[in-house]
Every structure is written in structure tokens, then in C-alpha cells.
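Each chain, written out:
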Amino acid sequence: MPQSLKIEYIVAPDTDALATLAAKQFVEGVEAAVAARGIARIAISGGSTPKAAFKLLADPAQPWLKRMPWDKLELFWVDERCVPPDDPDSNYRMTREAMLDHVPLAPEQVHRMQGELEPDEAAARYDLLLRNAFQLEDAGIPKFDLIALGMGPDGHTASLFPHTAALSETHRLVVANHVQNKDAWRVTLTWPVINQASSVFFLIGGADKAQVLSQVFTGPRDTDTLPSQLICPASGILTLILDKASAALLPAVDGTGRGVFEREE
């Protein structure tokens, strides 16, 4: 883990501009990985903000659909609710309806978490899937090209919720995590896996996130209460893509809507 984390952030004026910035981040990240290695392996999150970006990626009126090298993309998930794939709460279903049904991705390029299974079995199967896809040795950790994260008003990211068992997991790639205040199980990548990605960005919108976002990135370190603080990429750089409302309590941006600061780890 780097001793300091460089946090680069881009602030969009509204939610439409935020979705456009996110779509651009996805396409540029995939293009860079394909140029370097011939393939792009990315992991995505659920939520209303990424949904808007996925719709833009699939929209033939936008430039992203033709620009994205779909044939070189391998798509994975950061986390999933323990529900069937056609359930309204499924992250997979949201992504399928917003994007997958409208883009040229073959089924074998799409690697969903099987939320319909018993939670520990779903986690074990995704662990094996990752080991096979990345051709890992026993103790290896997959290195995604790009991971997109969200953040909840409670400071959680992926399905790493405050005061849950998954926060202390440092060896497994994927775990089932019980979220007591939701009385629900989730399957999630662990934070060491997220931190190994070549590029990691948070996509955050809404005034209800402003306070917690400031606490996570500029406040005291308390990872058990604010699990998003566990995200410290090995690259030493973390990107935040924000709207004006969510960024209200961060240091001021420059004339291009960009800002940067460092956080000691």
C-alpha cells in the first residue's frame, strides 16, 4: 500500500454531465488497456449513476458505442446482491437492461456473480472464475485494468459495509458478506483485489453524499466506520468522478473542474 494516495477528481455541473464523464472514463480506460495488452478486463458496480453511464455507452446517438472496442472487453462485477439475475435488485439485471442487451458483447465475455446461489457458494464460484480468467497461481491476485466503484451515504463501497466481516478479509478474492442493518447477504470483491487494479475510480453523485465523501477522503482514518477508506490503489492514484452537489465539501477545483490533493495512508 502506498504511503500517500494522490486523489484526482473531476467535477461535473449536473447529473447528465456526470454520466458523460463516466462513459468517457470507461471508454478511455478500455482503449488504454487494449492498446497495452490487447484485452481489457473491467469490473463494474450497480446503482443509478452507473446506469446512466451504461445507457450512454449503448446509445447509437452517442460516440461511445462505436468507439468502445467491445470485442476486446471482458466484463466482471464488483459485487452483487444475493438475488436471481432477473430480480429488480440485481446489479446484473440493471446492467443487462441498460447496456448488455444493446451492445455487441458475447455471452462468454460477460462474467456475472451468481446471486441466486447460496452466498458462500456464489463467492467460491466467482473466486474460481477469477482464478481461471486471470490464470492465477494459488496466492495470486487478479489485476483488473479498470474498476468502477460507488459510495453509499454510510461510506460503504462495493458490498464492504461498515462493521462487517468482509472488511478484515485480506486473503480471499471474493466473499459473502452479511449486512445486518439490511438483513441481507451480498457477494463482493475484497478490498485487496480492488486495490490491485491498474485504475480505480469512484463515480458519485448527489448532495446526500457530500458529507461522507469529505469524511472519507479528508477526514481521520476509520476504515471500520468508513470502508471506502480501504480503497488505496497500488498505483498510488485514485480518481473521483463527481457532480457539483457531491463535491461541495472538497477543496475547490480549478477552472476546468478538476482538483487534486494527497491523503497520507
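Being a predicted model, the structure only gives us computed values, none of them experimental.

Chemist: I tried to follow the packing of helix α1 (residues 15–37) against helix α2 (residues 48–57) on my own but got confused; where do I start?
Modeler: Helices that pack against each other are described as a pair by the angle of their axes relative to one another and the distance between those axes. Where α1 contacts α2, the two axes come as close as 8 Å, and the packing angle between them is 65 degrees. It follows that α1 is roughly perpendicular to α2 by the angle criterion. Here the hand of the crossing between α1 and α2 comes out right-handed. Only Thr-49, Ala-52, Ala-53, Phe-54, Leu-56 and Leu-57 of α2 make contact with α1, whose side of the interface consists of Leu-18, Ala-19, Thr-20, Ala-22, Ala-23, Phe-26 and Val-27. In the contact of α1 with α2, the residues fall into 11 nonpolar, 2 polar and no charged.

Chemist: Explain the sheet that holds strand β8 (residues 184–189) to me, please; I cannot follow it from the model alone.
Modeler: Strands pair in a sheet through their backbones, by hydrogen bonds, and they do so in one of two ways: parallel or antiparallel. The 3 strands lie next to each other as β4-β8-β7, forming an open sheet whose pairing is antiparallel. Both outer strands of the open sheet, β4 (79–81) and β7 (174–179), are each paired with one neighbouring strand and no more. Pairs of neighbouring strands in the sheet enclose a mean axial angle of 25 degrees, with direction left out of account. Inspection of the sheet shows β4 paired to β8 by 3 bridges, in the antiparallel sense. When the sheet's bridge partners are listed, Arg-81 is paired in β8 with Arg-186. Sheet strands touched by helix α5 (residues 119–133): β7 and β8. Its angle to β7, the strand with the most contacts, is close to 155 degrees.

Chemist: Sorry, what's going on with the sheet that holds strand β10 (residues 237–243) here?
Modeler: Strand order in the open sheet formed by 8 strands is β5-β3-β2-β6-β9-β10-β1-β11, with mixed pairing between adjacent strands. Strand pairing shows two members of the sheet lacking a second neighbour, β5 (110–111) and β11 (258–264), which therefore form its edges. With 5 bridges connecting them, strand β2 (residues 40–44) and strand β3 (residues 73–77) associate as parallel partners. From the neighbouring strand, Ile-42 faces β3, where its bridge partner is Leu-75.

What counts, and where the lines are drawn
- Residues numbered from 1 in each chain as written.
- Predicted model: local features only at pLDDT ≥ 70, side-chain atom pairs only at ≥ 80, totals over all residues.
- Heavy atoms only, no water.
- Axes fitted to C-alpha atoms, helices over the stretch in contact; angles between N-to-C directions.
- Helix = DSSP H or I, 4+ residues; strand = E, 2+ residues; numbered from the N terminus.
- Parallel < 35°, antiparallel > 145°, perpendicular 65-115°, else oblique.
- Left-handed = near helix turned anticlockwise from the far one by under 90°.
- Contact = heavy atoms within 4.5 Å.
- Nonpolar A, V, L, I, M, F, W, Y, C, P; charged D, E, K, R; others polar.
- Pairing = 2+ DSSP bridges.

Honestly, it's all geometry; don't read function into it.
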